[in-house]
Amino acid sequence: MSKQRTQVAIIGAGPAGLMLARLLTLAKIDVVVLERQSRAYVLGRIRAGLLESGTTDLLREVGCGARLDAEGLVHDSASLNFNGESLEINYLDLVGKSVTIYGQTEVTRDLMEANDASGIACHYEAPVTAIDGLDGARVRLTYLTHGQQHTLDCDYVAGCDGFHGVGRAAIPASVLKTYERIYPFGWLGILADVPPCGHELIYANHPDGFALATMRSNTRTRAYIQVPADARIEDWPDDRFWAEYKHRLGPVSKGVTTGPSIEKSVAPLRSFVAEPMRFGRLFLAGDAAHIVPPTGAKGLNLAASDVRYLSRALIAFYASGDAGLIDTYSETCLKRIWKATRFSWWMTTLLHKFPDPDGFGTAMQRAEFEYLKSSRTAQVSLAENYVGLPI
Ligand code: APR
Ligand code: PHB
């Protein structure tokens, strides 16, 4: 028999929901996680894989650092490539911090395993269908398992249910304000079991479009190219992908090893922010509240900082009855989110090919690149955002 009452109900077992469950359980707050998809489906999703130091610190703090420390690849620099010309941004040298390449899939697996070991109630294939009582004394969630309807009562509910979830939809339209920018292109990404083309990530701006060389390990490459938003995977057999990718990387593509793809997908690019992130007893965290384009890989890192703030607020409330951090949750999160939204929009604007009938946008990109080359101050600004602003 499933529990019918908990302190905090968490909708969604993506990185945000799993990390929040972990943080609250370690603080002895009772949680139940409800996830629409199966466990295998959640573990099969391929997403970005670059962790800021604030995110790796958090994973270690919640006891999920062992595999990260053994297998994560620490990076001190990245390369920006403009039509073949390279600029190295050594963020360790510029701002004293590194980032770690460790796939979101691995983060998810580590959190799931740790949560299982702590006996956290996490129901898969259990979509939440209704949220009632958000402005009352107690919330009631309705969810399904095997076609049966159940209810779960809670003090608070965390909507960690991604962009298409039910959490944000439960905030009245008169309260919710959203901001959106849809970019006129997508990223076609492939995963292949071939060594990466070098140690560094390479972000390339090419007249035919953006390309990014990244990795998951020393034997697994992740590679992306900018494509039209309506591009179809069938039109991009591996040979065509690799040829275009090498063409856009230019001279550094000498180091590219090609091989059969083991995953291939197209992701649209958008910036989206919803305000506020709290309504009564509901909190939004992660993709439920905001989406950034993948340039700069801020999505997972923002999900981690949201749930760090949320766990602090709930832990303080249950320890002393003080709701101060609950009341400021939305404002605190949004400050950091807007800065990451700005940075990922800026990186996207700098590196992609946009419709540009009079050439002004392209000239601005070139001027920005020349400025970055000539100014350590500009490089420091890029680096401090790239490694992650303080939490
Ligand atoms: N009931 C239960 N679960 C739901 C429901 C629902 N009604 N609606 C959505 N979900 C689940 C989804 O199936 C998904 O597993 O919520 C989960 C949300 O997980 P993510 O989409 O991974 O979002 P989040 O945890 O915020 O992680 C953000 O994921 O999208 C990337 O780039 C993004 O890296 C960032 C990270
Ligand atoms: C990735 O490894 O998937 C990745 C890395 C850096 C980015 C985006 C994606 O900016």
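Structure: see above.
Rules used throughout
- Residues numbered from 1 in each chain as written.
- Chains lettered and ligands numbered in written order.
- Predicted model: local features only at pLDDT ≥ 70, side-chain atom pairs only at ≥ 80, totals over all residues.
- Heavy atoms only, no water.
- Core = buried A, V, L, I, M, F, W, Y, C linked by side-chain atoms within 4.5 Å.
- Buried < 20%, exposed > 50% of the residue type's maximum accessible area, 1.4 Å probe, protein only.
- Helix = DSSP H or I, 4+ residues; strand = E, 2+ residues; numbered from the N terminus.
- Contact = heavy atoms within 4.5 Å.
- Phe/Tyr/Trp six-rings, centres within 6.5 Å; stacked < 30°, edge-to-face > 60°.
- Lys NZ or Arg CZ within 6 Å of the ring centre and 35° of its normal.

**Description of the nonpolar core**
Turning to step 1, where the next piece is worked out: Residues Ile10, Leu141 and Val157 are the most contacted members of the largest nonpolar core, which totals 71 residues.
Turning to step 2, where the next piece is worked out: A per-element tally of this core places helix H8 (residues 299–320) first, with nine residues.
Turning to step 3, where the next piece is worked out: If we ignore the near neighbours within four places in the chain, the residues touching Val157 are Ala9, Ile11, Ile131, Leu134, Val139, Leu141, Arg281, Leu282 and Phe283.

**So, the packing of aromatic side chains**
Turning to step 1, where the next piece is worked out: Applying the stated criterion to the full structure yields 18 aromatic pairs.
Turning to step 2, where the next piece is worked out: Considering the side-chain rings of Tyr156 and Phe317, the 5.6 Å spacing of their centres and the 85° angle between planes classify their relative orientation as edge-to-face. Pair noted here: Tyr156 is in strand E11 (residues 148–159) and Phe317 is in helix H8, with a separation of 161 residues, a long-range link.
Turning to step 3, where the next piece is worked out: We classify Tyr156 as buried; its relative accessible area is 7%.
Turning to step 4, where the next piece is worked out: When its relative accessible area of 22% is taken as the criterion, Phe317 is described as partly exposed.
Turning to step 5, where the next piece is worked out: An angle of 80° between the planes, with centres 5.1 Å apart, marks the rings of Phe185 and Phe354 as edge-to-face. Taken together, the residues Phe185 in strand E12 (residues 177–192) and Phe354 in the loop between helix H9 (324–351) and helix H10 (360–374) connect sequence positions 169 residues apart.
Turning to step 6, where the next piece is worked out: Clustering of aromatic rings is evident, with ring pairs tying together Tyr91, Trp187, Tyr203, Phe210, Tyr224 and Tyr386.
Turning to step 7, where the next piece is worked out: Positioned over the ring face of Trp236 is Arg240, at 3.6 Å from the centre of the ring.

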